[in-house]
Every structure is written in structure tokens, then in C-alpha cells.
Amino acid sequence: MNIALVHDWLPFMGGAERVITNFLELFKNAPIYTSVYNKDRLEGILKDANIYGSFLQKFRSARKDHRKFLPLMPTAFETFDLNKYDVVLSSSSSCAKGIVTNPNTCHICYCHSPMRYGWEFYYEYIENSGKFKRFITKYIMNYMRIWDNVSSDRVDYFIANSKNVANRIWKHYRRDSVVIHPPVRSRFFEVCDKKQDYFLIVSRLQEYKKVDLAIEVFNELNMPLIIIGEGPLKEKLVKKVKHDNIKFLGRQSDDVVKKYYREARAFLFPGEEDFGITSLEAQCSGTPVIAYGKGGALETVVHEKTGLFFYDQTISSLKSAINEFCKMEFNSEEIRVHAEKFDEEIFKFKISNFVYDKVEEFKNNKKWIVL
């Protein structure tokens, strides 16, 4: 197959970037089309991949903070000429699915989420914005929602990364999808028999991640909390810290993160995620997860076996779950076995089968009748 990969953006490594890495391992030498990228911050085979950036790649500010250029993203993807490809496999949580293909090209979209900031999570994103920014944003998002909905018709087959996302795809696009959970590199992570006393968060520091909720709780509990990750809210979150029990480590290498995963007493997952690969990475390390009981966490965490749920994003609810957790014991090996069900080799097997099956179906599914 002459296949192209499309991804929203590649300025750093994250859960979605692990997915595109697995795609590239399956379809070696396939080019990657994306809005902006930074090879210095990519890892593994992505560093040597054949990556094509849009016109936004020319702007240094776009490579530094792609979010500011969201209104230009639809145009960025629509300007790619992909007519020479038989198959396009897009990885999208924003605009990548909006590429234009010809009638003979099969477009399969692996959807991490319909555009979060455009639909029901819009209100969380603008919650702390100033009056003028909210005024401008509501008009931009009106345009983005229309484009997002219309561009979903350009996809021939949808894959959802979770049941949670499949429901959202149906809600916003009225399209069916097949669920294939994202991959976790289970072989990379190790179980540690001797746990340390700290709790752990590994996350982008953004509004919907609810790291601020965890900080408020640990300000009261005065228990050790380690936060790994960068993001636009870092300065604001640091100011919320009242005691030296909470430490920000910033962005860390994979080996350092792996160490903290395996030695943590528990992993905190306070936001509502579409899926949430970090909770599985923690479980691959034999570490139980305390998660908000909504969204993708319901598909990755087994209550009272691999972790605990709390059901309100409030200080009292999370605090109560942590206190309950401290009274319980968990089996690290059982937690690890559960997480291995999401291993990247299983993911690649399912993706490969789906792509080849649907391409064959696409070829045989004629949409015209000659009279």
C-alpha cells in the first residue's frame, strides 16, 4: 500500500505520539504530515521519520506554542496534497482528520477525541480566561465546531481510542466507530517490590488535567506529592503550593519517569480523560491509580483491584479516596497483568488487521450505479 500518516502536531512526545510511533513501526517509511513539529524533542523512530510540516512550520512561534494558531489549523491540513496515496491513516484529536483526499483514497482516522475545546469541554478551557479572550474565543469556536463537524464526513472509517470517545464521535459526528485502545509499552516498565511514600502525577499542566485539585488536597494532607510535566499552567500551579511536600520536577527523561512510576505509592489521575495512557504506564509499573471515575479511566482502572475511583472533582471527594486508599493493600503483579492487556503489540495487531480489512472493503464498496 502507498500509505501516508497524518498527525495533529509533533512539538513533543506524549500519548498520541506513541500511537503515531506504532503506526510508523507498522508502515515503515510512510511519510508523516503534520501542522508543526520539533525533531529535537521527538524520540525513537520519529526523530528520523520523513515529516512534512504545513506552512505553520515556518513560524517559530507556532513551533513553540501551536495552540495559538488553532484558527489556522483547518487551512494548514487542507493545503496538503495527498492525492498520490492509496491510504491515509490519520491520528487526530483536533484537525488532522480534515485533510482532503480523492475518491480513490481510503481515509481511516484513529480518533483520540473529537476536538475537546470545541465541544463539551469548551467551558472548562475558557473558565479562567479574561473577558476579552472569552468574547473572541466564542466566535472562533463557532467556526471551528462547524468545520470540525463538516470535516468528519471526509473520513471513511473511524477508530475510537475508547468507548468514551466512541460515544462522543457518535454525539458530535453521528458516525459509527470501532474501539481499539491506545498502546502502552509494557516491556519498558518494571515492577518494584519496595514502594516509596510519595504520590505521583505525570501530566501536561493544562486546565482539564485538574492538577490544581490534587495540589489543594495535598496542601491539606501534607503528604509527599511529585508532579512531573510541563504546561501553560505551571507558574499558576506552583503558586498554589503551601508546603514543601509538593515538588515540581518539570519534564523528565523516560528513564527517570519510569523510576518514579515504579516506586510511587500511588498514581493520581484527577482529570476526566478521553482515555489516559499515563494511568496504564503506572499500572504497568505495578502502581495503583486513584482516578476520577469518569471518562477513559473507567476502561483502564479496575476499582479496588488496580486502583480506586473518586466521583466528584472536589477536595472532599479526592481526599476521602486517598484516605481510603491508605487503608488498603494492592497486589503489584495483578496490577501489572491487567495493564499488559493494552500492550503495544496487541495494539499494532488490531490496527494492522483493521487497516487491511477496511482498505479491501473500500475497494469493493462501489458508490455508483450505471443505468
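Here is what the cut-offs are and how they apply
- Residues numbered from 1 in each chain as written.
- Predicted model: local features only at pLDDT ≥ 70, side-chain atom pairs only at ≥ 80, totals over all residues.
- Heavy atoms only, no water.
- Phe/Tyr/Trp six-rings, centres within 6.5 Å; stacked < 30°, edge-to-face > 60°.
- Helix = DSSP H or I, 4+ residues; strand = E, 2+ residues; numbered from the N terminus.
- Buried < 20%, exposed > 50% of the residue type's maximum accessible area, 1.4 Å probe, protein only.
- Pairing = 2+ DSSP bridges.
- Contact = heavy atoms within 4.5 Å.
- Axes fitted to C-alpha atoms, helices over the stretch in contact; angles between N-to-C directions.
- Patch = residues over 30% accessible without salt bridge, like charges linked within 9 Å, V, L, I, M, F, W, Y side chains within 5 Å.
- Areas by Shrake-Rupley, 256 points an atom, 1.4 Å probe, with all protein chains shown as cover.
- Salt bridge = Lys/Arg side-chain N within 4 Å of Asp/Glu carboxyl O.
- Lys, Arg positive; Asp, Glu negative; His and termini not counted.
- Charge placed at Lys NZ, Arg CZ, Asp CG, Glu CD.

**Student:** Residue-level account of the packing of aromatic side chains, with values.
**Tutor:** Under the counting rule described, the total for this entry stands at 21 aromatic pairs. Judged by centre distance (5.7 Å) and plane angle (65°), the ring pair of Y198 and Y260 falls under edge-to-face. A residue pair is termed long-range when its members are at least 10 positions apart, and Y198 in the loop between β7 (178–179) and β8 (199–202) and Y260 in helix α9 (residues 254–263) qualify at 62 residues. The class of Y198 is buried, set by a relative accessible area of 11%. A ring pair is formed by F275 and F342, whose centres lie 6.1 Å apart and whose planes are at 55°; its orientation type is tilted. Here F275, found in the loop between β11 (266–269) and α10 (277–284), pairs with F342, found in the loop between α13 (332–339) and α14 (344–364); they are 67 residues apart in sequence, far enough to count as distant. We classify F342 as buried; its relative accessible area is 10%.

**Student:** Now, about the pairing of β11: what can you tell me, with residues and values included?
**Tutor:** Covered by surrounding structure in β11 are A266 and L268 together with F267 and F269, the residues of both alternating faces. Inspection of the sheet shows β8 paired to β11 by 2 bridges, in the parallel sense. Residue pairing across strands places F199 opposite A266, the latter belonging to β11. When β11 meets strand β12 (residues 289–292), the two strands line up parallel, connected through 3 bridges. Along β12, the bridge assignment pairs F267 with V289.

**Student:** Residues and numbers for the side chain of R185, please.
**Tutor:** Tracing the backbone shows R185 in the loop between β7 and β8. Among all residues touching R185, those that are not within four sequence positions of it are R18, D254, E281 and E344.

**Student:** So what about the sheet that holds strand β2 (residues 32–34)? Which residues, and what values?
**Tutor:** The strand order across the open sheet built from 7 strands is β3-β2-β1-β4-β5-β6-β7, with neighbouring strands paired in parallel fashion. One side of each edge strand has no neighbouring strand; the edge strands of this open sheet are β3 (51–53) and β7. Looking at chain direction, strand β4 (residues 87–92) and strand β5 (residues 106–111) are connected through 6 bridges and run parallel. Residue pairing across strands places V88 opposite H107, the latter belonging to β5. Along the sheet, helix α1 (residues 15–26) makes contact with β1 (3–7), β2, β4 and β5, crossing β1 at roughly 175°. Contacts between α14 and the sheet are confined to β4, β5, β6 (157–160) and β7, with β5 contributing the most and set at about 150° to the helix.

**Student:** Account for a positive patch on the surface, naming residues and giving values.
**Tutor:** A surface patch of positive charge is lined by R60, R63, K64 and K68. Judged by relative accessible area, K64 falls into the exposed class, the value being 76%.

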